[in-house]
Amino acid sequence: MWIKLAPWIACVVLTGLWLDARDAVIEEREACNAGVIQAALDGERLTFAAEKRQLQKDLEDMASVNERERESARIAKAAERAAQSDTATREETITRLQLEASIDEIPDSGECLNVFVLERSLDRVLYPSACPGEGTSTGSGDDPLCGSAEELDGADPAFSNITYADALKIWGRDRDIIQILNGQLMAIDNLSKDE
């Protein structure tokens, strides 16, 4: 009888072992899948956190660049306003001194503002290379400043038609242009600063 039942007992035992093994494999696969899914979620979470940090850093960098751009624009604008203010103040002072010198009956040092500049001084100081034949040929023969001494002042060819006051105003405007350009250079330098 044991011989007849032995195959059935072996079959039941083997079926039980097979079912246990199958359940163990299923559990192992579920655990493996859960581990893979958890690893993927952890990876996504880390990626999201890294992207968030990078975006935050980019926003801070953009805010810093924006602030530097605003500061640079402020620097350039302040230099321009200062130059314009200097121009207005300087030209007003020169004009006032000219009027005082022309009204005053007693000659004084302010009288030189109304005197015409010598032609040869004017050539060197105000437009040394702007006339044809003088350095570069960017000027025009029709330009009153590029004419001969006779054309500039019919009364005396040694003098130009520009007074010392006019020369001071022209020089002041050139100085103000340099001040504006220096302000723009400071603005550019401010933009290139490393944080």
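Everything numeric in this text was worked out from a predicted model, so none of it was measured.

J.: Go over the overall build of the protein chain with me, naming the residues and quoting the values.
T.: In terms of helices and strands, the protein chain carries four helices and two strands. For the protein chain, the computed accessible surface area is about 14600 Å², with 62% contributed by carbon and sulfur atoms.

J.: Residue-level account of the pattern of salt bridges, with values.
T.: Summed over the entire model, instances satisfying the criterion amount to eight salt bridges. As a salt-bridge pair, Asp176 and Arg175 come within 4.0 Å of each other at their nearest N and O atoms. Note on Asp176: relative accessible area 3%, which makes it buried.

J.: Could you give me a rundown of a nonpolar patch on the surface, with the residues and numbers involved?
T.: Taken together, the side chains of Leu5, Ile9, Val13, Leu14 and Leu17 define a hydrophobic patch exposed on the protein surface, amounting to about 450 Å² of accessible area. With respect to the helices, strands and loops of the structure, Val13 is situated in helix 1 (residues 2–103). Given the relative accessible area of 45%, Val13 is considered partly exposed.

J.: Tell me about the side chain of Gln98, residues and numbers included.
T.: Summarising the element assignment, Gln98 is placed in helix 1. In contact with Gln98, other than residues within four places in its own chain, are Leu113, Asn114, Thr163, Ala165 and Lys169.

J.: Can you tell me about the confidence of the model for the protein chain, naming the residues and giving the values?
T.: Here the protein chain averages 77 in pLDDT, and 72% of its residues register 70 or above. Under a pLDDT of 50 for its full length, residues 128–154 has, in the predicted model, 37 contacts with residues more than four places off or in other chains.

J.: So what about helix 4 (residues 164–191)? Which residues, and what values?
T.: Along its 28 residues, helix 4 runs 40 Å from first to last C-alpha, staying within 8% of the 40 Å computed at 1.5 Å per residue. Within helix 4, burial applies to Ala165, Ala167, Lys169, Gly172, Asp176, Gly183, Ala187 and Asn190.

J.: Lay out the environment of Thr87 with the relevant residues and their values.
T.: Inspection of the secondary structure assignment puts Thr87 in helix 1. A C-alpha to C-alpha distance of 6.5 Å links Thr87 and Arg173, two positions 86 residues apart in sequence. With near-sequence residues (within four places) excluded, Thr87 lies in contact with Arg173 and Asp176.

J.: Describe in detail the environment of Thr163, supporting the description with residues and values.
T.: Within the element layout of this structure, Thr163 appears in strand 2 (residues 159–163). For Thr163, a relative accessible area of 10% puts it in the buried group. Sequence separation between Thr163 and Val115 is 48 residues; the distance between their C-alpha atoms is 5.2 Å. When near neighbours in sequence (up to four residues on either side) are disregarded, Thr163 contacts Gln98, Leu113, Asn114, Val115, Phe116 and Val117.

Parameters at a glance
- Residues numbered from 1 in each chain as written.
- Predicted model: local features only at pLDDT ≥ 70, side-chain atom pairs only at ≥ 80, totals over all residues.
- Heavy atoms only, no water.
- Helix = DSSP H or I, 4+ residues; strand = E, 2+ residues; numbered from the N terminus.
- Areas by Shrake-Rupley, 256 points an atom, 1.4 Å probe, with all protein chains shown as cover.
- Salt bridge = Lys/Arg side-chain N within 4 Å of Asp/Glu carboxyl O.
- Buried < 20%, exposed > 50% of the residue type's maximum accessible area, 1.4 Å probe, protein only.
- Patch = residues over 30% accessible without salt bridge, like charges linked within 9 Å, V, L, I, M, F, W, Y side chains within 5 Å.
- Contact = heavy atoms within 4.5 Å.
- pLDDT = per-residue confidence, 0-100.
- Expected span 1.5 Å × (residues − 1).

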